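Chain and residue survey
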Amino acid sequence: MRVMVGRIPADHPLVGGHKGPVLDIAWCPHNDNVIASGSEDCVVKVWQIPDGGLSRTLTEPVVDLVYHQRRVGLVLWHPTAQNVLLTAGSDNQIAIWNVGTGEVLISLDCHPDLIYSACWNWTGSKLLTTCRDKKIRIIDPRKGEVESEAIAHEGSKASRAIFLKHGLVFTTGFSRMSERQYSLRTPDALSEPIVTVEIDTSNGVMFPLYDPDTNLIYLCGKGDSVIRYFEVTPEPPFVHYINTFQTPDPQRGIGMMPKRGCDVATCEIAKFYRLNNSGLCQVISMTVPRKSELFQEDLYPDTLSDEASLTADEWLAGEDAEPCTMSLKERALLVQGGYVAGRATTLTVTKRNALATPRDRERDRERERERERDKDERSPTPRDSQAPTPASTTPPPAFTAMVEKQLSDLVEEIRKLKSVIVKQENRIRALEATVKAGLAPPAPSPPAPSPPAPSPPNNHDDAMAPDEV
């Protein structure tokens, strides 16, 4: 991908298709080229960004999602199902879309006021929301039922809530005295927090950003110039304060790079893109200092990949699955400080007839299967195809040179280690011979002088002093 540093020119290509201000954006976790945006014009648009970035201003989206009657302030992709998108608007409605067909799968009308935030759980089977009525709700989205609800924070300002990997609920909000605070709760007892901690008396709403690999939570407040980070553990006090990152400028917004975009060679565990009040985007890198240049297994467990576990229809039918994961160890040899995008795929939208009968739908599915069979028959078989091997299957020259250098360095280290071992063995033998000569009884003097006895083999260090080792 093309990376630009500094202020962009006035004619730089942009994504500009909305008729009102954009309120929220979300990159698709299963397609690095797809982004969704919600706006004050009540429309959600899904965009396909070409490889290498924009060469001209993009005004035509892949699909327009029209449902909300008021502005859309929240867009959120499903963590495991392909092309499933959640949107929430100021009409207090939640819509769950199948972006591949451009239709609403589920609509939720269980909030009496403005929806502040929403978060899927680890498998995408439950939904956690916060609302202006000060309540947090755990919802079964496929049934449309509220399973539990409770007052999160007594303050009247906005609150946020996220699901942690193992099912706990982390919330941020304000107390009755307008003090910022966070809490940790269990889904079975939302009204009884495990721990509640007051931070300060600032006015900015705190946005929690969660890293499931390291179990770290980063708290970023709007208008703050600091980023606080905490670790969640099973031991009291359960939420442990780690440190604070200080910057001179306040922040207007912040986003977090997925773990597969971090530089594993420098032990980078998090990367943020922070928008300052001056309009500049600042890149903040969180690294763990390590002397070793080897891959750090404890810092990089298997992380979320760009593959979906389910299709939209499978999830709607009631199936749940763990997110697909990947190892970053293979990328450690190929990537040095850069981001490797996943496979380039194009989002295609297939419109369905909302008035179609079951017989029409079955006929459409049969036609689709026939087209797939025809496509397979037209594609050449491996035996008939004489195409050369793709360039992606051969390692790049830089990778080959790097591997050869590592092997030569390893051979040199082994040779040095062998020489040290041989030298130490010789010294030990010399010391043993010296000790034995000092403890033996004196031998009778011979009747006639004899020539000196030859020195024993491998005792070339006998002339050393006892303290020279």
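The name given to the protein chain in an unreviewed UniProt entry is Coronin, with the source organism recorded as Euphydryas editha. Regarding the protein chain, the relevant UniProt record gives this comment under Sequence similarities (unreviewed entry): "Belongs to the WD repeat coronin family."

1. Let's talk about the overall build of the protein chain
From N to C terminus, the protein chain includes four helices and 25 strands. Long-range pairs, those at least 24 residues apart, make up 46% of the contacts in the protein chain with a sequence separation of at least 6. Carbon and sulfur atoms provide 55% of the accessible area of the protein chain, an area that totals close to 27,700 Å².

2. Description of the nonpolar core
Core analysis: the biggest nonpolar cluster contains 23 residues, and Leu164, Phe170, Leu184, Ile217, Leu219 and Val239 have the highest contact counts within it. If you list the elements that add at least two residues to this core, you get strand S11 (135–140), strand S13 (160–163), strand S14 (169–174), strand S15 (180–185), strand S17 (206–211), strand S18 (216–221) and strand S19 (226–232). Looking at this core element by element, the count peaks at three residues for S13. Aside from chain neighbours lying at most four places away, what touches Ile217 is Leu164, Phe170, Pro208, Leu209, Tyr210, Arg228, Tyr229, Phe230 and Val232. Formed by 19 residues, the second largest nonpolar core is a distinct cluster that contains Leu74, Ala81, Ile106 and Leu108.

3. Notes on the environment of Lys126
With respect to the helices and strands, the residue Lys126 is situated in the loop between strand S9 (115–120) and strand S10 (127–131). Accessibility expressed as a relative area gives 22% for Lys126, which makes it partly exposed. C-alpha of Lys126 to C-alpha of Asp140: the two residues are 14 residues apart in sequence and 5.2 Å apart in space. In contact with Lys126, other than residues within four places in its own chain, are Cys119, Trp120, Asn121, Ile138, Ile139, Asp140, Pro141, Glu147 and Phe163. At 2.5 Å, the side chain of Lys126 and the side chain of Glu147 are in polar contact.

4. A short note on the pattern of salt bridges
Under the definition given, this model contains 20 salt bridges. For Arg137, the salt bridge is made with Asp133, and the minimal N-O distance between the two is 2.6 Å. Since its relative accessible area comes to 4%, Arg137 is described here as buried. Under the relative-accessibility criterion, Asp133 is labelled partly exposed at 24%. For Lys135, the salt bridge identified is with Glu149, shortest N-O distance 3.3 Å. Here Glu149 lies in strand S12 (residues 145–151) and Lys135 lies in strand S11, a separation of 14 residues in the sequence. Put simply, Asp133, Lys135, Arg137 and Glu149 are held in one network by salt bridges that share partners.

5. Notes on the environment of Pro141
Tracing the backbone through its elements, the reader meets Pro141 in the loop between S11 and S12. Of the residues examined, Pro141 reaches a relative accessible area of 0% and is grouped as buried. The residues touching Pro141, leaving out its near neighbours within four places in the chain, are Ile96, Ile106, Leu108, Trp120, Ser125, Lys126, Leu127 and Trp315.

6. A closer look at the packing of aromatic side chains
All chains considered together, the criterion is met by eight aromatic pairs. Arranged with centres 5.5 Å apart and planes meeting at 25°, the rings of Phe170 and Tyr182 form a pair that is stacked. Placement of the pair is Phe170 in strand S14 and Tyr182 in strand S15, with a sequence separation of 12 residues. On the accessibility criterion, Phe170 (0% relative accessible area) is buried. What links up through ring pairs into an aromatic cluster is the set Phe170, Tyr182, Phe230 and Tyr241.

7. What about the pairing of strand S5 (residues 72–77)?
Sheet topology note: the S5/strand S6 (residues 84–89) ladder contains five bridges and is antiparallel. Bridge assignment links Val75 to a residue of S6, and that residue is Thr87. In this antiparallel pair of consecutive strands, S5 and S6, the connection spans six residues, and Asn83 shows a positive phi of 65°.

Parameters and conventions
- Residues numbered from 1 in each chain as written.
- Predicted model: local features only at pLDDT ≥ 70, side-chain atom pairs only at ≥ 80, totals over all residues.
- Heavy atoms only, no water.
- UniProt positions renumbered as here; feature names shortened; annotations may be inferred.
- Helix = DSSP H or I, 4+ residues; strand = E, 2+ residues; numbered from the N terminus.
- Contact = heavy atoms within 4.5 Å.
- Areas by Shrake-Rupley, 256 points an atom, 1.4 Å probe, with all protein chains shown as cover.
- Core = buried A, V, L, I, M, F, W, Y, C linked by side-chain atoms within 4.5 Å.
- Buried < 20%, exposed > 50% of the residue type's maximum accessible area, 1.4 Å probe, protein only.
- Polar contact = N/O pair within 3.5 Å; in protein donor to acceptor, adjacent residues only side chain to side chain.
- Salt bridge = Lys/Arg side-chain N within 4 Å of Asp/Glu carboxyl O.
- Phe/Tyr/Trp six-rings, centres within 6.5 Å; stacked < 30°, edge-to-face > 60°.
- Pairing = 2+ DSSP bridges.

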